[in-house]
Amino acid sequence: MAERISVDISRVGDGDDDGRPEEPAPSEAPRARNTCPSCRSHYREEEMVANLRVCAHCGYHFPVTARERIVQLTDDGSWSEVARDLISIDPLEFVDSKPYPERLDAAERATGLHDAMLVGGATIGEMPVALAVMDFTFLGGSMGSVVGEKFWRAAELSLDRRMPLVSVSSSGGARMQEGVLALMQMAKTVAAVDELREAAVPYISVMAHPTTGGVAASFAALGDVTIAEPGALLSFSGPRVVKQTTGETPPDDFGLAESNLRHGHIDMVVPRPELRDTVARVVALLSGGQPYRRTPLLPDLGAQRAVGRVISGARKAILGRRNEHVDD
Amino acid sequence: MSTTERRFRFLRRRGADGESWHAVQLARHQDRPYTLDYLNRICDDFVELHGDRGEGDDPAIIAGIGSFRGRSVAFVGHQKGRDLKERTYRNFGMASPEGYRKAMRVFELAGRLGFPVVTLIDTPGAAPGVGAETRGQSGAIARSQLMLMSLPVPVVACVIGEGSSGGALAIGIADRVLMQQNAIYTVISPEGCAAILWKDAGEAKRAAAALRPTADACLDLGVVDSVVAEPSGGAHRDHGKSAELLADAVSAELDFLGSLPAIERRRLRRQKFSRMGAFAE
């Protein structure tokens, strides 16, 4: 499934020295990357970062790497990564058009990540949380043994310090190159969620575009509170698979966050500029303490305009997504 | 790696490649016993329960309570069809969210009344489709796993044919996971894998070899706990014998699991799945 959705791969430096994710380096092809597929507005890289990669004109949500997501969500300097040295091996000696280890090497070089998830501790609005953030640019965010183990470690961190777990998913599903072991990572993440539930530690699942297949059908679906980004594709089978296997033509809003909300599968659709505060409010409420006091939302004018336009632009964003599906 | 070792690995691998496709064909054999064939043979009585109490009833999942060797057991399994009409009715064993919700109803009942749960896995995958998505396919698969993970009663799962994708795993969380000798267990069907990685569903044979879905491979990878023998030539050759072998294996597991305290079982069940995977650090 990973290959279905093409997202251009950004180059991110591997500056881990202070344990703080580095600001993403400017892309090599910023024009393509920073042009809104929905309304064709074009942005400079600094504008994109300041706008949290939301189109200020139409509200389209660009993809966000794991490192940038952590910068967006957490308090400055609070992030400390755990399990950063976990790497995939090749249990099946899997070869399709390329051997799996070559794919891993290429993904590592392109993203500066060891695998498709970063986990660690941080604070959001000064409240400690464990975080598990996926990166779609690493082999389509596919879940193999490392992602499963990292999610497990994030849950352990959460249990040890009795702080809520927050996951941000963005994945095409299970990593086929790890065969049945990849399938079992679904079970492993479910076991982690079961541990949290037994210990009465809250778990918040944020779903970004796309959350499909084995990730949609395991930990991402099991949040005590589930939050999705506007226009995100959240489904078990993608629109192309549905069309191929059943002959049905999926409707325009097939699997989108908004239709998932309408059908009762998620709690809310939250535009990215409000995501941090929403997560903070939910963390505070689920922890049973004082309510989270909103800090002034966004210092940046462009981003503030984005908030205003996100709602009116939601329809356009949906159309943008739809065009993507038609293209592939 | 020495030349001999490399040669050995090559030969072993080549042998395994042929085996994979052979297993795929046997696992899908049209005369292979399905869930109802087994239940009719191994249960002294079986009452099938229908419906998820919300949307509808899914014929691709059989769920109910049976009397198995002197005790009540909750059975849940995928059901395929033998002729075209029944295949269509059973949706080729591809379950919808209603099917998984029906399964959860029966899991909950078993947990409450203290009956062990036995699941039989035989599906090419969860039903894809607009309806399945709008009715919450991913959530149903995830919650069915979660419910099995947290059950206080013993759970035994057995892959009796095709175990493909999340549609199989949804009822595959158990204290002991068994697999019949010629069954397959895989993250995606060989055809699906070939269509995505080779861009050609015709490469299914190569995909099957790469995915290593056989019972032996799954045992090696630590995904299943033991392999249940089949009559010589495959389960389709002798349904009676095959059912007997399956019943013996399941019964032995239930006896063993019954001796553990419920809290310990749940802890061990989680631990078992938390140890699956291959990585370096």
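Higher on the page you've got the structure.
Residues numbered from 1 in each chain as written. Chains lettered and ligands numbered in written order. Predicted model: local features only at pLDDT ≥ 70, side-chain atom pairs only at ≥ 80, totals over all residues.

1. Section: the interface of chain B and chain A
Part 1 of the reasoning: Each partner contributes residues to the interface: chain B has 44 residues there, and chain A has 54 residues.
Part 2 of the reasoning: The leading source of residues in the side of chain B that touches chain A is helix α6 (residues 137–150) of chain B, at nine residues.
Part 3 of the reasoning: Here strand β2 (residues 87–88) of chain A runs beside strand β9 (residues 279–280) of chain B; their pairing, made up of two bridges, is antiparallel. Note that in β9(B) the partner of A:Ser88 across the bridge is B:Phe279. (Contact = placed C-beta atoms within 7 Å. Helix = DSSP H or I, 4+ residues; strand = E, 2+ residues; numbered from the N terminus. Pairing = 2+ DSSP bridges.)

2. A look at the packing of helix α6 (residues 179–198) of chain A against helix α12 (residues 262–274) of chain B
Part 1 of the reasoning: The N-to-C vectors of α6(A) and α12(B) enclose an angle of 140 degrees; their axes lie 8 Å apart at closest approach. Regarding the angle of α6(A) to α12(B), the classification is oblique. Seen from above, α6(A) lies across α12(B) with left-handed handedness. The residues of α12(B) that touch α6(A), namely those facing A:Met184, A:Ala187, A:Lys188, A:Ala191, A:Asp194 and A:Glu195, are B:Arg270, B:Phe273 and B:Ser274.
Part 2 of the reasoning: Partitioning the contact of α6(A) with α12(B) into residue classes produces four nonpolar, one polar and four charged. (Axes fitted to C-alpha atoms, helices over the stretch in contact; angles between N-to-C directions. Parallel < 35°, antiparallel > 145°, perpendicular 65-115°, else oblique. Left-handed = near helix turned anticlockwise from the far one by under 90°. Nonpolar A, V, L, I, M, F, W, Y, C, P; charged D, E, K, R; others polar.)

3. Remarks on helix α4 (residues 100–111) of chain A
Residue and element names in this part refer to chain A.
Part 1 of the reasoning: In this model α4 runs 16 Å from its N-terminal to its C-terminal C-alpha over twelve residues, within 8% of the 16 Å that 1.5 Å per residue would give.
Part 2 of the reasoning: Looking only at α4, the buried set comprises Tyr100, Leu104, Ala107 and Thr111. The buried residues of α4 all sit within an arc of 65 degrees when viewed along its axis, so they share a single face. The outward face of α4, more than 90 degrees from its buried face, is lined by the exposed residues Glu102, Asp105 and Arg109. (Expected span 1.5 Å × (residues − 1). Buried ≥ 20, exposed ≤ 12 C-beta atoms within 10 Å, placed from the backbone. Arc of directions from axis to C-beta.)

4. Comments concerning unusual backbone geometry
Part 1 of the reasoning: Cis rather than trans, the peptide bond between A:His209 and A:Pro210 has omega equal to -20 degrees.
Part 2 of the reasoning: Counting through the fold element by element, A:Pro210 comes out in strand β6 (residues 203–212).
Part 3 of the reasoning: Positioned with a positive phi, B:Arg69 is a non-glycine residue whose angle comes to about 50 degrees.
Part 4 of the reasoning: Residue position: B:Arg69 is located in the loop between β2 (61–68) and β3 (71–78).
Part 5 of the reasoning: At B:Phe92, a residue that is not glycine, the phi angle is positive and equals roughly 60 degrees.
Part 6 of the reasoning: On the secondary structure map, B:Phe92 appears in the loop between α3 (84–89) and α4 (97–113).

The values reported here are purely geometric and, on their own, carry no functional implication.
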